[in-house]
Amino acid sequence: MSMKLYSSLTKKYIMSLAGLFLLMFLLVHLTINLLLLFDDSGGLFNVAAHFMGTNPIIQAFQWVLFGGFAIHMLIGVILQIQNWMARPKRYNKRAISEESYFSKFMIHTGIIIFIFLVIHLTDFFVKKIGGVVPEITGGELAGMENMGILVVEKFKNGGYVLFYVTVFLILGFHLDHAFQSAFQSLGLNNNKYTPFIKWLSHFIAIVISIGFITIPVCIYFFK
Amino acid sequence: MKVKLKIWRQENAKAKGSFQTYNFDEVSPEMSFLEMLDAFNTKLITEGKEPVAFDHDCREGICGSCAMYINGHPHGPVSGITTCHLSMRMFKDGETITVEPWRAKAFPVIKDLIIDRTAFDKIQLAGGFISSNVGSAPEAHSMPVIKKNADDAFDAAICIGCGACVAACKNASAMLFVSAKVSQFALLPQGKVEAKERVQKMVAKMDDLGFGNCTNTYACEAECPKEISVTNIARMNREFLCAKVS
Ligand code: HEM
Ligand code: FES
């Protein structure tokens, strides 16, 4: 994707659509993760993980998801580099004006999410593909990979829990600006609905961030 | 009152430039910021020194030439005004006032605080006009315009092209300016005819000139002396998308 091939606005349209798509994915992922909390045996989670890991439609969709991440990140980085280049000499004294605060750190929060993603994928996805996940013994689910055990083991490690919590707070910061920003980028701004969308942006960021955070915290302290 | 002025001094476009700090004691709180600079320049001249070059014209907030970045804000710390409307009353006795030119690749410094805003003219020339000769004002009933559209078009048209949006934006993006110019036409019947072409040409020119991209940070709206709204940016995003897909 050359810098000049698409206009600045087209890049933002693609970026915002990819971002909204990633948000859908996060909500699905969160729902599945929460199964770990609501079902002590871990059975529900394992069934869901198994379904996500074997269903052909989901498997095909997985590549759309990787594509979504790749496009979002690629354009994000290109836009950011252009933005840095647009002001070669910085100000000596810079005050803060009224602005969307987290918009200033999208590239930083984004890169942290990316680093987490790499670690996360090596922890779970690669292990699963590599077939080193313990199998469930006995019961109806015998023979299925026991992803639940893997997760619970991880979250018994305090350092890992702390890392996970930090990353999801940072994801929350990314989303806090991101959701409402995507609407503005797509030209969907309106006196009647924009205040609601801004509120919803904070709400979604909090729900996703806190949602993901409760899981390791509960496992660490209560399981 | 007394102030300490920390001003960016740059001989010419090629020179490196640096900050110089001066003590200036003959300031009265009734002075406007530009009057204070005038008085300061008179002092420099009597001392045989080079006065500070800065742009100004109307001194009543409509020409948009008094571009300077004062204490971290375009046009100084008071919102909704230009530098020529800024009063020395707003500063404390003994305060250090940092004065810098706009910083953007597309707005190179010519001398001291004066920057070259030709980039904005180029964007206007790319499409910020209507090509038909509309003659004098028509009979009002011959071309009805919805009141809200007329108001919104007016609110966009009051943009004075000062460049504070670019100066304030962390990405030196010109989206607020360009979107105001796109909106003022897009909302009115005379401008609708060429709307699709206009938005595409103006955006292409804006990208070409090396302005940054919009991250919806909205510092532009907060710092705009004419308080132009970022809803214009959304309108331009909408106009451009529709122009591309239709
Ligand atoms: C699940 C993860 C993610 C979600 C749900 C997400 C969502 C979003 C959304 C909706 C936007 C707003 C787009 C707009 O302003 O129109 C955005 C902006 C951005 N994202 Fe992400 N994102 C994610 C991960 C990442 C990653 C891994 C990066 C790494 C580079 C990243 C970098 C950025 C940047 C730099 C922006 C600002 C773009 C701009 O305004 O110019 N994001 N994100
Ligand atoms: S001098 Fe004209 S706007 Fe300030």
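Residues numbered from 1 in each chain as written. Chains lettered and ligands numbered in written order. Predicted model: local features only at pLDDT ≥ 70, side-chain atom pairs only at ≥ 80, totals over all residues. Heavy atoms only, no water.

A. Up close: the overall build of chain B. Helix and strand counts for chain B come out as 9 helices and 7 strands. For chain B, the C-alpha atoms occupy an extent of roughly 60 × 35 × 30 Å along the three principal directions. Across the 246 residues in chain B, those meeting the buried criterion constitute 53%. Looking at chain B alone, contacts between residues at least 24 apart form 67% of all its contacts between residues at least 6 apart. Surface exposure of chain B reaches about 10,900 Å², of which carbon and sulfur atoms provide 54%. (Helix = DSSP H or I, 4+ residues; strand = E, 2+ residues; numbered from the N terminus. Buried < 20%, exposed > 50% of the residue type's maximum accessible area, 1.4 Å probe, protein only. Contact = heavy atoms within 4.5 Å. Areas by Shrake-Rupley, 256 points an atom, 1.4 Å probe, with all protein chains shown as cover.)

B. Fine view of the packing of aromatic side chains. Taken as a whole and assessed by the stated rule, the structure comprises 28 aromatic pairs over all chains. A ring pair is formed by Tyr22(B) and Phe40(B), whose centres lie 5.1 Å apart and whose planes are at 65 degrees; its orientation type is edge-to-face. You can see Tyr22(B) sitting in strand 2 (residues 18-24) and its partner Phe40(B) sitting in helix 1 (residues 33-46), a full 18 residues away along the chain. The same class applies to Tyr22(B) and to Phe40(B), which are both buried. Ring pairs connect the aromatic residues Phe116(A), Phe155(A), Tyr160(A), Phe163(A), Tyr164(A), Phe168(A) and Phe212(A), which therefore count as one cluster. Here Lys154(A) stacks its cationic end above the ring of Tyr160(A), 5.1 Å away from the centre of that ring. It is Arg103(B) that lies over the ring of Trp8(B); its NZ or CZ is 4.3 Å from the centre. (Phe/Tyr/Trp six-rings, centres within 6.5 Å; stacked < 30°, edge-to-face > 60°. Lys NZ or Arg CZ within 6 Å of the ring centre and 35° of its normal.)

C. Examining the confidence of the model for chain A more closely. In the predicted model, chain A carries a mean pLDDT of 87, and 93% of its residues have values of at least 70. Per-element averaging of pLDDT across chain A places helix 5 (residues 147-154) of chain A at the bottom with 79 and helix 6 (residues 158-185) of chain A at the top with 95. (pLDDT = per-residue confidence, 0-100.)

D. Broad picture of the coordination of the iron atom of ligand 1. Residue and element names in this part refer to chain A. Distances from the iron atom of ligand 1 to its protein donors, His 72 (NE2) and His 174 (NE2), fall at 2.0 to 2.1 Å. Bound by 6 donor atoms, the iron atom of ligand 1 shows angles of 87 to 179 degrees at the metal and therefore octahedral coordination geometry. Taken as a pair, His 72 in helix 3 (residues 56-85) and His 174 in helix 6 lie far apart in primary sequence, 102 residues in all. Take His 72: its relative accessible area is 15%, and that puts it in the buried class. (Donors = N, O, S within 2.8 Å, 3.2 Å for Na, K, Ca; no water. Tetrahedral: all angles 85-135°; square planar, octahedral: opposite > 155°, others 65-115°.)

E. Structural context of the site of ligand 1. Near ligand 1, the surroundings consist of 26 residues, among which Lys12(A), His72(A), His174(A), Ser181(A) and Ser185(A) are the closest. Those chains with residues close to ligand 1 are chains A and B. Among the secondary structure elements, those contributing two or more residues to the shell around ligand 1 are helix 1 (8-38), helix 3, helix 4 (106-130) and helix 6 of chain A. Looking at the shell around ligand 1 element by element, the count peaks at 8 residues for helix 1 of chain A. (Near = heavy atom within 4 Å.)

F. Spatial organisation of helix 5 of chain A. Of the positions making up helix 5 of chain A, those classed as buried are Met147(A), Gly148(A), Leu150(A) and Val151(A). Down the axis, helix 5 of chain A shows its buried residues gathered within 160 degrees of arc, on one side only. (Arc of directions from axis to C-beta.)

G. Expanded view of the interface of chain A and chain B. Across the boundary between the two partners, chain A contributes 38 residues, which contact 48 residues of chain B. Between chain A and chain B lies a buried interface of about 3,500 Å² when both sides are counted; carbon and sulfur atoms form 50% of it. Counting every contact that joins chain A to chain B gives 30 residue pairs in polar contact (both at pLDDT 80 or more). Among the secondary structure elements, those contributing two or more residues to the side of chain A that touches chain B are helix 1, helix 3 and helix 6 of chain A. (Buried area = accessible area lost by both parts, 1.4 Å probe. Polar contact = N/O pair within 3.5 Å; in protein donor to acceptor, adjacent residues only side chain to side chain.)

H. Region of interest: the nonpolar core. If you look at the biggest cluster of nonpolar residues, it comprises 47 residues, and the most contacted ones within it are Phe107(B), Phe120(B), Val166(B), Val178(B) and Phe211(B). Contributing elements (two or more residues each) for this core: helix 1 of chain A together with helix 2 (118-127), helix 4 (164-168), helix 5 (175-186), helix 7 (195-208) and helix 9 (231-245) of chain B. The residue makeup of this core includes at least three contributed by each of domain 1 (3-110) and domain 2 (117-131 + 144-245) of chain B. Beyond its immediate chain neighbours, meaning those up to four positions away, Phe120(B) contacts Phe107(B), Gly161(B), Gly163(B), Cys165(B), Val166(B), Ala174(B), Phe177(B) and Phe211(B). (Core = buried A, V, L, I, M, F, W, Y, C linked by side-chain atoms within 4.5 Å. Domains from an automatic or database assignment.)

I. Looking closely at the state of the cysteines. In total, this model carries 0 disulfides over all chains according to the counting rule given. Cysteine Cys169(B) is unpaired, with the sulfur of Cys220(B) as its nearest cysteine sulfur at 6.7 Å. (Disulfide = S-S within 2.5 Å.)

J. Spatial organisation of the pairing of strand 1 (residues 3-9) of chain B. Residues and elements named next belong to chain B. With 5 of 7 residues buried, strand 1 is to be regarded as a mostly interior element. Summarising the sheet, strand 1 and strand 2 pair through 7 bridges and their orientation is antiparallel. Its bridge partner being in strand 2, Lys 6 is matched across the sheet by Thr 21. The pairing of strand 1 with strand 5 (residues 96-100) spans 4 bridges and is parallel. Within the sheet, the bridge partner assigned to Lys 6 lies in strand 5 and is Thr 98. (Pairing = 2+ DSSP bridges.)

K. Summary view of the packing of helix 7 of chain B against helix 9 of chain B. Residue and element names in this part refer to chain B. Orientation of helix 7 relative to helix 9, taken along the N-to-C sense of each, is 110 degrees, at an axis distance of 9 Å. Here helix 9 runs roughly perpendicular to helix 7, going by the angle between their axes. Residues Ala 195, Lys 196, Val 199, Gln 200 and Val 203 of helix 7 touch helix 9, and the partners they reach there are Met 236, Glu 239, Phe 240, Ala 243 and Lys 244. Per-class residue counts for the contact of helix 7 with helix 9 are 6 nonpolar, 1 polar and 3 charged. (Axes fitted to C-alpha atoms, helices over the stretch in contact; angles between N-to-C directions. Parallel < 35°, antiparallel > 145°, perpendicular 65-115°, else oblique. Nonpolar A, V, L, I, M, F, W, Y, C, P; charged D, E, K, R; others polar.)

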